[in-house]
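# Descriptive analysis of the structure
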Amino acid sequence: MKPRNIVFIVAYAIALTGISLWMGQLSYSWFPPQASAESLLIDKLFAFLVTLGTFIFLGITGVMIYSVVFQRATKYDFSDGPHIEGNVTLEVVWTAIPILLVFWLAGYSYYIYDQMAIRGPMEMMHLSMGHGDTTTAVEEQPTEEIEVISKQWAWVFRYPKSNVTSTELHLPANHRIKLALTSEDVLHGLYIPAFRVKQDIVPNETIDFEFTPIKEGTYRLRDSQFSGTYFATMQTNVVVESPEDYQTWLAEAKKRKPSPAYNQAAAEYSEHTQRTFKTGWPTVIPADPPVVNYSKNESPLSPL
Amino acid sequence: MTDSQVKTTNIITESYQDLSARNWKRYFSFSTDHKVIGIQYLVTSFIFFLIGGIFAMVIRGELITPEADLVDRTFYNGMFTMHGTIMLFLWTFPSLVGLANYLVPIMIGAKDMAFPRLNAAAFWMVPIVGTLMMASFFVPSGSAQSGWWSYPPVSLQNPTGQLITGQFLWILAVAISGVSSIMGAVNIVTTVVKMRAPGMTFFRMPIFVWAVFSAQIIQLFGLPALTAGAVMLLFDLTVGTSFFDPSQGGNPILFQHFFWFYSHPAVYVIILPIFGIFSEIFPVYSRKPLFGYKIVAISSLLIAAVSGLVWVHHMYASGTPGWMRMLFMLSTMCVSVPTGIKVFAWVATIWGGKLRLNTAMLFAMGALIMFIFAGVTGIMLSAVPVDIHVNNTYFVVGHFHYVLYGTVTMGMYAAIYHWFPKMTGRMYYESWGQVHFWLAFIGTNLNFLPMHPLGLQGMLRRVASYDPEYTFWNVLASLGAFLLGMSTLPFIVNMVSSWIQGPIAPSNPWRAIGLEWLIASPPPVENFEDTPIIVSEPYSYGKSDPLVSNLEGVLGHHE
Ligand code: HEM
Ligand SMILES: [Cu+2]
Ligand SMILES: [Cu+2]
């Protein structure tokens, strides 16, 4: 290879590396706020994948674009290119690279997953994935156990210790939370984008699910598993507050009389909808609005 | 290729041109000619592509504003369910089978498929499937609304209480399309194994044949699982069995295993032939042999094999324990090895070539670039922690449309442009093709790139309304979608007008190497006068070996 080419390739690789690292850093801004310990880990893994992915994508397309620009046949050139059928060294290298990458990626993803220590279903029966040290000082054992009841199309949260029910999920910051997920009808999915956590909820099963919120604020909780006609309306707020505020909220909610909560699916079903195009196809009737101690009659305007 | 070969192969055989022009009616008949059936598949599936596309426009029209204000929610759910189903079962599968039908027998030197009648029967089930699907809009319950996965229990909910519902028709249609695909797969696999011309060893087959062969093997082991799942679902829905119905003790997760055991490999049934198309097109327009031919051929089979071991990556967030998540993460990532080999081979083929950017080459290169992008996001999805966040969000929708539109549909366009002169005997208008490419390329990226940030921020798929913070990217995506919808117009105009009155095509307009380019455009009824005797490797650009030893006989010029 000519020295000039080598210089060119090295320069290109350095430029690529720079751009890729920059993209990796940029990727942190593509997410909602990092409101849970898990989000720190996932964003880190994602940034790593973006860095690597940018390098691969630009590396390969760069070569292609170079060919398109500089290796075009001229108008009257009908001859063939060089007859190159293969190159064993190159092929071996190019097979080895993805194999190594796969093990690296899988290993790193495993490491991150292990640190997240999400207790998915049936975790106890299988590998015990211990906690590594998460980047923030959070408790190891869940302090708060909350029952989550999902149905078409509403969320209800029950705090068994204080006997409070709510359609809004309140959580104390920096405590490990344990949810017991149940569904009364179809598959639903618990998903809080700011926490980066998600778990399907299966009827007839109680699925334990753990995570740790670390940032106070109000976030959205959505249904992530398509659950029928009013699927899109099945969202609510998650409020992460200081442990003191949380206790105050619990105490106050407890004093309230249970009353029917606002429910968008039920509201839409009963109201005469104004749409350009209406089919009137029958739908599963939304469950009655849940009767809870605490609810917020809000329209679904939300922070990211 | 030798000069004399170019000369002989460029003889325009007028009589065949007349034959095709006068005989357009045969495309509407129960023909057993694999070429007629191929075109029947292609045209039928393209019509469904347009219908599925109109549904996509409705979806994107709804999503241009946060509120659910264009159509009602039930109809919206019907739209995305039917869009997905039609695009997969009535566009990608049949169009690729159509292309395989047309090309595979010619490429291996056969006169027809192994079972011509079975072939025709398999095709005629496609319009039946389509009619059933469309009929579902006219039953009182409306069309199926539970997504193309039709996960129970949602798919088992039947508020009308009637037997014949949209969901019922949907399951029936999917099952019939499965039967049709199995018939097609048996036929293609048998044809490749049994009907190759003398000298056409496995390692002399064009990669397109390898790819189709590998893909159809997947159909053979995968489809029975889907069909079984569909039949069990049908029983649950109609006669009250409870395989999947949790209210009666059934297990809905079991359905997901049945479903994905087939439907993951199914994406390779779709993508492998596209890899084959890439492997045919890059050498021709780069004028170089396919780099690493053997390893590319074998990697097709490897992909088919590994594809059977990765289905649980669609269920990371479902009732899947941690150890299983980790195992399937590893197997999923492994698919990137044979795929990476192929990408490398294509880039190395292009590198140092003498590129001609015809429409077909543009589409193939554009598709390859978008495939690499999809591959990068695919790796992200395979990593369990990332998938836990983006699963079922628009990130996934963006990813798989880069595969299904950016790669598969664009690759299909490349194939149609490349083989159009061969199939019709006419040339298309190059400038219209270029316009089509640029509209489609810009439209695809404008449509599907914004879906990635949407997903990362937490916008879920299958929602008819969304929180206002997602508006910006949704508007961009919808504009891209309308542009993409428009991009099909120059294509249709070009194809229809060229077919009727385009310039007469020579037998080998691209100076390509391959059996199909030796014979007239369009090929005569039995393809070859004498069975060709193959004497050299495919893709021998830059060499002057003859491809067959009995060229005169093959063309019927006995002197
Ligand atoms: C103009 C082109 C297209 C547009 C604008 C478009 C748009 C969309 C949108 C917005 C969704 C998400 C629906 C939802 O989850 O709510 C969707 C789903 C889907 N699309 Fe497309 N699409 C296009 C072309 C295609 C093509 C060419 C294919 C296949 C070859 C395809 C296959 C699918 C599939 C399988 C789904 C999933 C459906 C489901 O979730 O049940 N789409 N499309
Ligand atoms: Cu739900
Ligand atoms: Cu998959």
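Residues numbered from 1 in each chain as written. Chains lettered and ligands numbered in written order. Predicted model: local features only at pLDDT ≥ 70, side-chain atom pairs only at ≥ 80, totals over all residues. Heavy atoms only, no water.

For clarity, the threshold we go by: UniProt positions are given in the numbering used here, feature names are shortened, and annotations may be inferred rather than shown by experiment.
Going by the annotation in an unreviewed UniProt entry, the name recorded for chain A is Cytochrome c oxidase subunit 2, with Crocosphaera subtropica given as the source organism. Recorded in UniProt for chain A, the comment headed Function (unreviewed entry) runs: "Subunits I and II form the functional core of the enzyme complex. Electrons originating in cytochrome c are transferred via heme a and Cu(A) to the binuclear center formed by heme a3 and Cu(B)."

## Digging into the overall build of chain B
Applied cut-off: Counting from the N terminus, the helices are the DSSP runs of H or I reaching at least four residues and the strands are the DSSP runs of E reaching at least two. Here the globule rule reads 2.2 Å times residues to the power 0.38, and the radius of gyration is calculated from C-alpha atoms. Throughout, a contact is declared for two residues whenever any of their heavy atoms are within 4.5 Å. Calculation of accessible area relied on Shrake-Rupley with a 1.4 Å probe; when residues are assessed, cover is drawn exclusively from the protein chains displayed.
Assigned secondary structure in chain B consists of 19 helices and zero strands. Taking 559 residues into account, the globule formula puts the C-alpha radius of gyration at 24 Å, and chain B, at 23 Å, falls close to it. For the C-alpha atoms alone, the extent of chain B along its principal axes is close to 75 × 45 × 45 Å. Counted over contacts in chain B with a minimum sequence separation of 6, partners at least 24 positions apart contribute 82%. Looking at chain B as shown, the accessible area adds up to about 16600 Å², and 71% of this sits on carbon and sulfur atoms.

## Some thoughts on the pairing of strand β2 (residues 154-159) of chain A
Regular strands show a simple pattern: their side chains alternate between the two faces of the sheet. All names here are of chain A. The condition that has to hold: Each residue is assigned to one of three classes by its accessible area relative to the maximum for its type, calculated with a 1.4 Å probe on protein chains only: buried under 20%, partly exposed between the two thresholds, exposed over 50%. The pairing criterion for strands is at least two bridges between them, as found by DSSP.
For β2, a buried count of five out of six residues is recorded, marking the element as mostly surrounded by other parts of the structure. Sheet topology note: the strand β1 (residues 144-151)/β2 ladder contains five bridges and is antiparallel. Counted as the bridge partner of Ile149 is Val156 from β2. In this antiparallel pair of consecutive strands, β1 and β2, the connection spans two residues. In the sheet, β2 pairs with strand β3 (residues 164-166) via three bridges, with the strands oriented antiparallel. In the sheet register, Tyr159 faces β3, and the bridge partner there is Val164. Linking β2 to β3, which pair antiparallel, is a turn of four residues; within it Asn163 sits at a positive phi near 55°.

## A word on the side chain of Ser214(B)
Residue and element names in this part refer to chain B. Heads up, the rule is: Within 3.5 Å is the distance limit for a polar contact, defined as a pair of N or O atoms, with the added protein rule that one can donate a hydrogen and the other accept it, and that residues adjacent in sequence qualify only through two side-chain atoms.
On the secondary structure map, Ser214 appears in helix α7 (residues 207-238). The class for Ser214 is buried, based on a relative accessible area of 0%. One polar contact links the side chain of Ser214 to the main-chain carbonyl oxygen of Trp210, over a distance of 2.8 Å. Here Ser214 is in contact with Leu272, Ser300, Leu301 and Ala304, once residues within four sequence places are set aside.

## Section: the coordination of the copper ion (ligand 3)
Each pair of donors in an ideal four-coordinate tetrahedral metal site encloses 109.5 degrees, whereas pairs in an ideal six-coordinate octahedral site enclose 90 or 180 degrees. Residues and elements named next belong to chain B. Selection rule: Note: metal donors comprise N, O and S atoms at 2.8 Å or less from the metal (3.2 Å for Na, K and Ca); water molecules are not included, so apparent gaps in a site are possible.
Of the protein atoms, only His264 (ND1), His313 (NE2) and His314 (NE2) coordinate the copper ion (ligand 3), at distances of 1.6 to 1.9 Å. Here the donor residues of the copper ion (ligand 3) are spaced in sequence according to H-x48-H-H. Taken together, the residues His264 in helix α8 (residues 252-286) and His313 in the loop between α9 (293-307) and α10 (322-334) connect sequence positions 49 residues apart. The buried category is assigned to His264, whose relative accessible area is 5%.

## Brief notes about the coordination of the copper ion (ligand 2)
Residue and element names in this part refer to chain A. For clarity, the threshold we go by: Between 85 and 135 degrees for all angles marks four donors as tetrahedral; over 155 degrees for opposite donors together with 65 to 115 for all other angles marks four donors as square planar and six as octahedral; every other arrangement is irregular.
Within the protein, His188 (ND1), Asp223 (OD), Ser227 (OG) and Met234 (SD) serve as the donor atoms for the copper ion (ligand 2), at 1.7 to 2.5 Å. One way to put it: the four donor atoms around the copper ion (ligand 2) meet at angles of 79 to 138°, and that makes the site irregular. Counting residues between consecutive donors of the copper ion (ligand 2) along the chain gives the motif H-x34-D-x3-S-x6-M. Of this pair, Asp223 sits in strand β9 (residues 217-223) while Met234 sits in the loop between β9 and β10 (235-241); the two residues are eleven residues apart in sequence, bridging distant segments of the chain. On the accessibility criterion, Asp223 (1% relative accessible area) is buried.

## Re the nonpolar core
Going by this rule: For the purposes of this section, nonpolar cores are sets of buried Ala, Val, Leu, Ile, Met, Phe, Trp, Tyr and Cys residues that join through side-chain atoms within 4.5 Å. The domain boundaries here were taken from an automatic or database domain assignment.
One finds Leu190(A) and Phe195(A) to be the most contacted residues of the largest nonpolar core, which totals 268 residues. It is helix α4 (residues 73-107) of chain B that provides the largest number of residues to this core, a total of 21 residues. Shared between two domains, this core takes at least three residues from each, and those domains are domain 1 (3-73 + 86-115) and domain 2 (141-292) of chain A. Excluding residues within four positions of it along the chain, Phe195(A) makes contact with Ala35(A), Ser36(A), Glu38(A), Ser39(A), Leu171(A), Phe211(A), Pro213(A), Tyr219(A), Val238(A) and Val240(A).

## What to know about the pattern of salt bridges
The test is simple: For salt bridges, the criterion is a side-chain nitrogen of Lys or Arg within 4 Å of an Asp or Glu carboxyl oxygen.
Considering all chains together, one arrives at 13 salt bridges over all chains under this definition. Across the salt bridge formed by Glu210(A) and Arg176(A), the nearest N and O atoms sit 2.9 Å from each other. Note that Glu210(A) is positioned in strand β8 (residues 207-211) and Arg176(A) in the loop between β4 (169-172) and β5 (177-183), a separation of 34 residues in sequence. Just as Glu210(A) is buried, Arg176(A) falls in that class too. Across the pair Lys35(B) and Asp33(B) runs a salt bridge, and its minimum N-O distance is 3.2 Å.

## What about the interface of chain B and chain A?
Note the cut-off: Buried area adds together the accessible area that both of two parts lose upon being put together, with accessible area traced by a 1.4 Å probe. Three classes are used: nonpolar for Ala, Val, Leu, Ile, Met, Phe, Trp, Tyr, Cys and Pro, charged for Asp, Glu, Lys and Arg, and polar for all others, with Gly counted as polar.
The interface of chain B with chain A comprises 106 residues on the first partner and 100 residues on the second. Buried surface at the junction of chain B and chain A, both sides included, amounts to about 8700 Å², of which 67% is carbon and sulfur. The interface formed by chain B and chain A holds five salt bridges in total. The partner of Arg222(A) in a salt bridge is Glu469(B), with the nearest N and O atoms 3.7 Å apart. Linking chain B with chain A are 29 residue pairs in polar contact (both at pLDDT 80 or more). Those elements that provide at least two residues to the side of chain B that touches chain A are α4, α8, α9, α10, α11 (336-350), α12 (359-382), α13 (384-390) and α16 (451-456) of chain B. In terms of residue class, the side of chain B that touches chain A is built from 61 nonpolar, 30 polar and 15 charged.

## Here we look at the packing of aromatic side chains
Residue and element names in this part refer to chain B. Quick reminder of the rule: Note on aromatic pairs: the rings of Phe, Tyr and Trp (six-membered ring only in Trp) are paired at centre separations within 6.5 Å, and the planes decide the class, stacked below 30 degrees, edge-to-face beyond 60, tilted for the rest. Definition used: whenever NZ (Lys) or CZ (Arg) falls within 6 Å of the ring centre and also within 35 degrees of the ring normal, the charge is taken to sit over that ring.
For the coordinates displayed, the defined rule picks out 72 aromatic pairs over all chains. When the ring of Phe278 is compared with that of Phe282, the centres are 5.6 Å apart and the planes differ by 35°; the resulting orientation is tilted. On the criterion of helical spacing, the pair formed by Phe278 and Phe282 is a turn pair, its members being four residues apart in helix α8. Ring geometry for Phe363 and Phe437: centres 5.2 Å apart, planes at 85°, overall edge-to-face. Taken together, the residues span a long stretch of sequence, with Phe363 in helix α12 and Phe437 in helix α15 (residues 430-448) at a distance of 74 residues. Here Phe363 matches Phe437 in class, with each residue buried. Directly above the ring of Phe203 sits Lys294, whose terminal nitrogen or CZ lies 5.1 Å from the centroid.

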